[in-house]
Amino acid sequence: MEEYTREPCPWRIVDDCGGAFTMGCIGGAIFQSIKGFRNAPSGINRRLLGSLAAIKQRSPIIAGNFAVWGGMFSTIDCTLVHLRRKEDPWNGIISGAATGGILAARNGLPAMAGSAIIGGVLLALIEGVGILFTRLSAEQFKQVNPILEDPSQLGMPQQNVY
């Protein structure tokens, strides 16, 4: 089984920023196409043109916002890896909280604190689910101790003791 390894830190920032931009572009296009279709005047041609116009107007903005979030998150994550000298789930949780707080800084301290808490909680949930899946998938590859196995389950004849 091949282990997935992430890029080294300077390249990870660019990689995550590009991945977030792509995800924002695709998700924004899907969401804006539905929104543009619903808000356009009646008639299939007008609705399709309204959908296309909404995609062209808003999808790049959404993609850019996602890219800013992904780039900032990765930058903070790499900084924490460098400062703490270890990669663990705490880096992601702290990075999510810091990113949420920094991006909400223009709205004042209460909004900053609320966004930091939400960012930290969301990343804690994501990290927790990742750890859970890792443990569940590791269970299927666990070695079985042959001493503890029941010989009757292996199809071996049982010896009768009188």
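None of the values given here were measured: they were computed from a predicted structure.

### Examining the UniProt feature "transmembrane region" (unreviewed entry) in the chain
Next, step 1: Mapped onto the present numbering, the UniProt feature "transmembrane region" (unreviewed entry) falls at residues 111–133.
Next, step 2: Secondary structure over residues 111–133 splits into 100% helix and 0% strand, and the C-alpha atoms at its two ends are 33 Å apart.

### Structural notes on the environment of W90
Next, step 1: You can see W90 is positioned in helix α3 (residues 89–103).
Next, step 2: Note: C-alpha distance between W90 and D77 (13 residues apart in sequence) is 9.5 Å.

### What to know about the packing of helix α1 (residues 9–39) against helix α2 (residues 44–84)
Next, step 1: Running from N to C, α1 and α2 cross one another at 155°; their axes reach a closest spacing of 5 Å. The orientation of α1 with respect to α2, classified from their angle, is roughly antiparallel. In the crossing of α1 with α2, the sense of the turn from one axis to the other is right-handed.
Next, step 2: Its residues assigned to classes, the contact of α1 with α2 shows 17 nonpolar, 13 polar and 6 charged.

### Things to note about helix α4 (residues 109–139)
Count 3.6 residues to each turn of an α-helix, and residues three or four apart come out pointing the same way.
Next, step 1: Compared with an ideal rise of 1.5 Å per residue, which puts 31 residues at 45 Å, α4 spans 45 Å between its outermost C-alpha atoms and is within 8% of the ideal.
Next, step 2: Looking only at α4, the buried set comprises G119, G120 and L123.
Next, step 3: Structurally, α4 contributes buried residues whose contacts are with α2 and α3.

### Brief notes about the pattern of salt bridges
When the charged atoms of two side chains with opposite charge come close together, those side chains can pair.
Next, step 1: The final tally for this structure, using the stated rule, is 3 salt bridges.
Next, step 2: One salt bridge in this structure joins R12 and E87, with 3.3 Å as the shortest N-O distance. Taken as a pair, R12 in helix α1 and E87 in the loop between α2 and α3 lie far apart in primary sequence, 75 residues in all.
Next, step 3: Residue classification places R12 among the buried positions, given a relative accessible area of 4%.
Next, step 4: Its relative accessible area of 52% is what places E87 among the exposed residues.
Next, step 5: Ionic pairing is found between R84 and D88, a salt bridge with its closest N-O pair at 2.8 Å.
Next, step 6: Here D88 falls in the partly exposed class, since its relative accessible area comes to 21%.
Next, step 7: Each of R12, D77 and E87 takes part in salt bridges that share partners, so that together they form one network.

### Regarding the packing of aromatic side chains
The description of an aromatic ring pair uses the distance of the two centres, along with the angle that the planes make with each other.
Next, step 1: As enumerated under the stated definition, the model contains 1 aromatic pair in all.
Next, step 2: Ring centres 5.2 Å apart and planes at 5° place the aromatic pair W69 and F73 in the stacked group. Taken together, the residues span about one helical turn, with W69 and F73 both in helix α2 at a distance of 4 residues.
Next, step 3: Assessed through its relative accessible area of 35%, W69 is described here as partly exposed.

Calculation notes
Residues numbered from 1 in each chain as written. Predicted model: local features only at pLDDT ≥ 70, side-chain atom pairs only at ≥ 80, totals over all residues. Heavy atoms only, no water. UniProt positions renumbered as here; feature names shortened; annotations may be inferred. Helix = DSSP H or I, 4+ residues; strand = E, 2+ residues; numbered from the N terminus. Axes fitted to C-alpha atoms, helices over the stretch in contact; angles between N-to-C directions. Parallel < 35°, antiparallel > 145°, perpendicular 65-115°, else oblique. Left-handed = near helix turned anticlockwise from the far one by under 90°. Nonpolar A, V, L, I, M, F, W, Y, C, P; charged D, E, K, R; others polar. Expected span 1.5 Å × (residues − 1). Buried < 20%, exposed > 50% of the residue type's maximum accessible area, 1.4 Å probe, protein only. Contact = heavy atoms within 4.5 Å. Salt bridge = Lys/Arg side-chain N within 4 Å of Asp/Glu carboxyl O. Phe/Tyr/Trp six-rings, centres within 6.5 Å; stacked < 30°, edge-to-face > 60°.

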